[in-house]
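An overview of the molecular structure
Letter by letter, the chains look like this.
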Amino acid sequence: LSINAALAKLAKHGILSAPMVLSPDLEDLEEAGVAGEGPELAPQLLGWVDVAAILRGLLDHVKAALGGEVPTGMLKLMAALEEHGPVFAAKPLVTLSQPAGEDRALLFAPDAAAASVLDALRDHFLRPAPDGDARVVHRLAVFDAHGEVTAVITQMDGARAAAGTLFSFFFFFLVRLCAAPPTL
């Protein structure tokens, strides 16, 4: 899959990021069928791709093509993007480097089934780092035993669930309070 095709898929679905999964090709399948023991045939989660990473990659590509400098003038920059952009867009998506501050996490499906909303928020979205600080994660991909992504849970999903739980608690409390007989 090229960078251009990945951008088209993101645009088609109206999303800014998605898990990047590597699936076995026909050669892998034939090799596994002939030998009986081939390479792991389950799709492999390589990481995430997002529009910001693609834009950083494009600017890095233009910078490298121009000897280390990106033009500062708008017209020169646009000309450089038009000249070098198609070459960058045709590159395989897997060549795009992942950002150092990766803000996504993975969760094994059986673990997800056992986790509460509070557990997910605490242990995955606000993961404690070794230095004691919380590392904020914006997306959580749930994957199965074959490495296939079965769901993507966002911070907003977690906030909605937590808000719903909080609303349910207050509603229950309010109903109980109103149902209690008045005391003097």
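Preceding this section is the structure that the text describes.
Glancing now at the overall build of the protein. For the protein, the helix and strand inventory stands at seven helices and seven strands. Starting at the N terminus and walking to the C terminus, you meet the elements of the protein as α-β-α-β-α-α-β-α-α-β-β-β-β-α. By residue count, 23% of the 184 residues in the protein fall in the buried class. Within the protein, contacts between residues separated by at least 24 positions form 60% of all contacts whose residues are at least 6 apart in sequence.

On the secondary structure map, Leu66 appears in the loop between helix H3 (51-65) and helix H4 (74-90). Relative accessible area serves as the criterion here: at 36%, Leu66 is assigned to the partly exposed category. Separated by 14 residues in sequence, Leu66 and Ala80 place their C-alpha atoms 8.4 Å apart. Each residue touching Leu66, except ones within four places of it in the same chain, is listed here: Pro71, Ala80 and His84.

Among all positions of helix H1 (residues 3-13), only Ile3, Ala6 and Leu10 are buried. In a view along the axis of H1, the buried residues occupy a sector of 60°, so they form one face of it. Across H1 from its buried face, at more than 90 degrees, point the exposed residues Ala11 and Lys12. Gly14 occupies a position one or two residues after H1 and carries a positive phi of about 65°.

Those residues of helix H6 (residues 117-125) that sit buried are Ala120, His124 and Phe125. Taken end-on, H6 shows its buried residues confined to a sector of 75°, consistent with a single buried face.

Taken N-terminus to C-terminus, the directions of H3 and H4 make an angle of 110°; their axes are 10 Å apart at the nearest point. On the basis of their axis angle, the class for H3 and H4 is roughly perpendicular. Where H3 crosses over H4, the two elements pack in a sense that is right-handed. The segment H3 lies against H4, with Ile54, Gly57, Leu58, His61, Val62 and Ala65 engaging Ala80, Leu81, His84, Gly85, Val87 and Phe88. When the residues that make up the contact of H3 with H4 are grouped by side-chain class, the tally is eight nonpolar, four polar and no charged.

The rules behind each value
- Residues numbered from 1 in each chain as written.
- Predicted model: local features only at pLDDT ≥ 70, side-chain atom pairs only at ≥ 80, totals over all residues.
- Heavy atoms only, no water.
- Helix = DSSP H or I, 4+ residues; strand = E, 2+ residues; numbered from the N terminus.
- Buried < 20%, exposed > 50% of the residue type's maximum accessible area, 1.4 Å probe, protein only.
- Contact = heavy atoms within 4.5 Å.
- Arc of directions from axis to C-beta.
- Axes fitted to C-alpha atoms, helices over the stretch in contact; angles between N-to-C directions.
- Parallel < 35°, antiparallel > 145°, perpendicular 65-115°, else oblique.
- Left-handed = near helix turned anticlockwise from the far one by under 90°.
- Nonpolar A, V, L, I, M, F, W, Y, C, P; charged D, E, K, R; others polar.

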